[in-house]
Amino acid sequence: MLNCLVIGSGISGLATAISLQKAGHHATVFEAYGGPSDGIGGFLTVAVNGLDALETLELKDAAANLGFSTPKMSMYLGSTGKHLIDFDYGGSLPDGTTARTMTRSELYRMFREAAGARGIRIEYGKRLATVKEAPDGVTAVFADGTSAHGDLVVGADGLHSAVRPLIDPSSPAPRNIPLLNTGGIVESGVIPAGLLDVEPGRMKMVFGKRCFYCYMQDPEGRIWWFANPLQRSSEDPAALDHRARKSWLTQLVAGDRTPMAEIITATDGIIRPYTTSDFPSIPSWHRGRLVLVGDAAHAASPSSGQGASMAIEDAIALGRSLRRTSPGDIPGALVRYEAERRNRAESVVEWGRRNAAPKIRGQFKRVFEDLVLKAVFRSLARKTADNFDWVYRHHIDWDAPETVPAVRSEAGAE
C-alpha cells in the first residue's frame, strides 16, 4: 500500500484520491483554502466519456441525479436567427446515459461526500510550499509550517499548479485565449414561456453580432446560460458591479434575434467574468515520485466541454497504473500513466482551442463569416459525422493488462 499525498481538493483531486483508494492505496487530500468550496463556481457539463469513467468509481448513478440531461446542441447566427447545424453532445452510452449539465458545486459535493464515506481525509488550510525528496519517499511542506510524508505526491492543483514547477521549472506558462467566460441561471417562471425558443435539454449556441453565447432550459423551467465576450485590454469587466455587468452584457447581445437580452436582465448573481486559458503541452507530467493530473497537466479551453471529464479520466488512468505498485515501482507506473494519457489530453486541448476560434470575431470578420458559416458547418457535419467518437467513446478498462500504449500522432487516431 502506497501513502499518496494529493495536492488539491477539487474535482480532479477528489476523483484521484478515490481512484487511488480503489487501487489499494491510502490517499490524503491537502487543500490550500480553509474549507470546502460548496456553492462556489458556475456550471459545467460532464460528457459521456466522463460519466463512463465515473462508472469505474461507482459514482455514475450518483452523477445521474445531478443537473439535467443535455444530449443535443444547435448553432445559430444571432444577427439573422438563421439555423446553422444540430449536433449530438457525444451521443449516449449503451445504457442510455447522456451528457449532463450541472453546477460545479453539486459535482464537487458529490465527490467530497463520496470521499468522506470511503474514509478519505481532506486537510484544509494546507497550501503547498515545496516538496522534499529522499530515498525513502517524499515530504510535502506547507505554508503553515506543517508537513506530511508519503510515497507519492499528486499535483491536482489546477492551472496554476504549485507541483508543476517542482517537476520541471522550465514548464511554460498557460496560453491565453482572448475570451472571457461568464453566465448565470434564471429561476423558473421569471421569463415568459412563450419567449423561449429552445426545448429542455438542448443547448442553443449563438454566434452573436458582438458575443458568442449559449442558453438552455432544464426540465423545471430554469434557464442556464453562458457568454464568451472578447477579452479587450481597454476594459476590465471583472471590476464591474452587478448592475454595470448586466448593462455591459445586454449591450453585447442587443440586436440579436434571440431572447438573450431578456435572459441576462432577468438573471440574479451573474458570474464575474474571468479570463480563459489552456495548457497545450509541458515537458513532463512526472518526475521521481511527483505526478500531475487534470488541469495541472493539460488544461483545456472551456470550449472543449471536457475539463471535468478529462480530469476524471486522468484519475482512473493513474489509479489503474499504480495497481499492485510498491514504492520502488512508482517511476515505472508513472511512465505508463503519462504514456497512456498525454497524446489524448493534448489532442483534446487543441480540439478545444479550435472550437474556441470561431468565437473570436471582430466586426469585419463577423460580417464575412456570417456569409460562410452555414456552408462550413454543413461541410463539417458531412466530414465528421463519426469523427468525434475519439473524444466521446474513450473508455478506460480498469481490469486490462498494464502496457505502454503506442503514441498517437493525431487527434482521433487511437
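Residues numbered from 1 in each chain as written. Predicted model: local features only at pLDDT ≥ 70, side-chain atom pairs only at ≥ 80, totals over all residues. Heavy atoms only, no water.

Here we look at the sheet that holds strand β7 (residues 100-103)
Reasoning step 1: Spatial ordering of the open sheet is given by β3-β7-β4, a layout of 3 strands whose pairing is antiparallel. Two strands close off the open sheet at either side, each with one partner strand: β3 (43-46) and β4 (68-69).
Reasoning step 2: The pairing of β4 with β7 spans 2 bridges and is antiparallel. Bridging from a neighbouring strand, Phe68 pairs with Thr101 of β7.
Reasoning step 3: With respect to the sheet, helix α4 (residues 104-117) is in contact with β3 and β7, its orientation differing from that of β7 by roughly 90°. (Pairing = 2+ DSSP bridges. Helix = DSSP H or I, 4+ residues; strand = E, 2+ residues; numbered from the N terminus. Contact = heavy atoms within 4.5 Å. Axes fitted to C-alpha atoms, helices over the stretch in contact; angles between N-to-C directions.)

As for the pattern of salt bridges
Reasoning step 1: Taken as a whole and judged by the stated rule, the model has 21 salt bridges.
Reasoning step 2: Ionic pairing is found between Asp278 and Arg353, a salt bridge with its closest N-O pair at 3.3 Å. Within this pair, whereas Asp278 is found in strand β17 (residues 274-278), its partner Arg353 is found in helix α10 (residues 330-356), the two being separated by 75 residues in sequence.
Reasoning step 3: For Asp278, a relative accessible area of 0% puts it in the buried group.
Reasoning step 4: Relative accessible area serves as the criterion here: at 26%, Arg353 is assigned to the partly exposed category.
Reasoning step 5: The network of salt bridges with common partners includes Arg175, Asp278, Glu350 and Arg353. (Salt bridge = Lys/Arg side-chain N within 4 Å of Asp/Glu carboxyl O. Buried < 20%, exposed > 50% of the residue type's maximum accessible area, 1.4 Å probe, protein only.)

A short note on the packing of aromatic side chains
Reasoning step 1: The final tally for this structure, using the stated rule, is 10 aromatic pairs.
Reasoning step 2: Taking the centre distance of 5.3 Å and the plane angle of 80° together, the rings of Phe43 and Trp224 count as edge-to-face. Taken together, the positions of Phe43 in strand β3 and Trp224 in strand β16 (residues 223-228) put the pair 181 residues apart, joining distant regions of the chain. Of the two residues, Phe43 and Trp224, both sit in the buried class.
Reasoning step 3: Ring geometry for Trp285 against Tyr337: centres 5.8 Å apart, planes inclined by 55°, an arrangement best described as tilted. Taken as a pair, Trp285 in the loop between β17 and β18 (286-287) and Tyr337 in helix α10 lie far apart in primary sequence, 52 residues in all.
Reasoning step 4: A connected cluster of aromatic rings, assembled from ring pairs, spans Phe87, Tyr89, Trp351, Phe388, Trp390 and Tyr392. (Phe/Tyr/Trp six-rings, centres within 6.5 Å; stacked < 30°, edge-to-face > 60°.)

Let's talk about unusual backbone geometry
Among all residues except glycine, the phi angle is most often negative; among peptide bonds, the trans geometry is most common.
Reasoning step 1: The phi dihedral of Glu58 falls on the positive side, at around 60°, and the residue is not glycine.
Reasoning step 2: Inspection of the secondary structure assignment puts Glu58 in the loop between α2 (48-56) and α3 (60-63).
Reasoning step 3: Residue classification places Glu58 among the exposed residues on the basis of a relative accessible area of 66%.
Reasoning step 4: Phi at Arg324 is positive, roughly 55°, even though this residue is not glycine.
Reasoning step 5: Structurally, Arg324 is set in the loop between α9 (307-321) and α10.
Reasoning step 6: Relative accessible area serves as the criterion here: at 68%, Arg324 is assigned to the exposed category.

Details of α10
Reasoning step 1: Over its 27 residues, α10 extends 37 Å from the first C-alpha to the last, a length consistent with the 39 Å expected when each residue adds 1.5 Å.
Reasoning step 2: At Arg341, α10 is bent by approximately 35°, the largest bend along its length. (Expected span 1.5 Å × (residues − 1). Bend = angle between axes of the 7 residues up to and from the residue.)

Details of the packing of α2 against α9
To characterise two packed helices, one gives the angle between the axes of the helices and the distance between these axes.
Reasoning step 1: Two elements in contact, α2 and α9, have axes separated by 8 Å at closest approach and are oriented at 35°. Helix-helix and strand crossings are classified by hand; for α2 and α9 the assignment is left-handed. Across the interface between the two elements, Asn49, Gly50, Ala53, Leu54 and Thr56 from α2 touch Ser309, Ile312, Glu313 and Ile316 from α9. (Left-handed = near helix turned anticlockwise from the far one by under 90°.)

Describing the packing of helix α1 (residues 11-22) against α4
Reasoning step 1: Orientation of α1 relative to α4, taken along the N-to-C sense of each, is 25°, at an axis distance of 9 Å. Classified by the angle between their axes, α1 and α4 sit roughly parallel to one another. Here α1 runs over α4; the crossing is left-handed. Listed contacts from α4 to Ile11, Leu14, Ala15 and Ile18 of α1 are Arg104, Leu107, Tyr108, Phe111, Arg112, Ala114 and Ala115.
Reasoning step 2: Residues of the contact of α1 with α4, tallied by class, amount to 9 nonpolar, no polar and 2 charged. (Parallel < 35°, antiparallel > 145°, perpendicular 65-115°, else oblique. Nonpolar A, V, L, I, M, F, W, Y, C, P; charged D, E, K, R; others polar.)

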